[in-house]
Amino acid sequence: QVKLVESGGGLVQPGGSLRLSCSASGTSLSDYPVAWYRQAPEKEREWVATVISDTVKNYAVSVRGRFTIARDNAANAVYLQMNSLELEDTAVYYCRYGTDWGQGTQVRVSS
């Protein structure tokens, strides 16, 4: 049974940084692309970033240049480094692997 667990969320001031982690059990995250999504209050869930390989990573326009996605095969984990956080980044962040989703981790950007 595949289980994805996100962690690393929290409260941060604008301009701050957080690193989210997505760890997996029951599967290897190295075989297929892994994506991060987010859902802000009263908004649709939106795609944030995808790691396909070490050299192929895609980002939503809203986070490009501020967020970095990375995969650690040894740890069977995927990370989302978020810098220069903005109020609009407040959301629950989810990782997705194939058809499997984690439970999400809350990120709140507030002064």
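Computed from a prediction, not measured in an experiment: that's the story for all the values here.

Participant: Can you walk me through the pattern of salt bridges in this structure?
Facilitator: All chains considered together, the criterion is met by four salt bridges. Where D89 meets R38, a salt bridge forms, and the shortest distance between an N and an O atom there is 2.9 Å. Of the two residues, D89 sits in the loop between β8 (77–82) and β9 (91–97) while R38 sits in strand β4 (residues 34–39), which places them 51 residues apart along the sequence. Taken as a pair, D89 and R38 share a single burial class, namely buried. The shortest N-O distance in the salt bridge between E86 and R66 comes to 3.8 Å. Highlighted residues: E86 in the loop between β8 and β9 and R66 in the loop between β6 (57–59) and β7 (67–72), separated in sequence by 20 residues. Through salt bridges with shared partners, one network takes in R38, E46, R66, E86 and D89.

Participant: Looking at this structure, I do not really get the state of the cysteines. What am I missing?
Facilitator: Covalent bonding between the sulfur atoms of two cysteines defines a disulfide. Tallied over the entire structure, the rule returns one disulfide. Here C22 pairs with C95 through a disulfide, and the sulfurs are 2.0 Å apart. On the sign convention where negative is left-handed, the bridge of C22 and C95, at about 55° about the S-S bond, is right-handed. Taken together, the positions of C22 in strand β3 (residues 18–25) and C95 in strand β9 put the pair 73 residues apart, joining distant regions of the chain. In terms of burial, C22 and C95 fall into one category: buried.

What counts and what doesn't
Residues numbered from 1 in each chain as written. Predicted model: local features only at pLDDT ≥ 70, side-chain atom pairs only at ≥ 80, totals over all residues. Heavy atoms only, no water. Salt bridge = Lys/Arg side-chain N within 4 Å of Asp/Glu carboxyl O. Helix = DSSP H or I, 4+ residues; strand = E, 2+ residues; numbered from the N terminus. Buried < 20%, exposed > 50% of the residue type's maximum accessible area, 1.4 Å probe, protein only. Disulfide = S-S within 2.5 Å.

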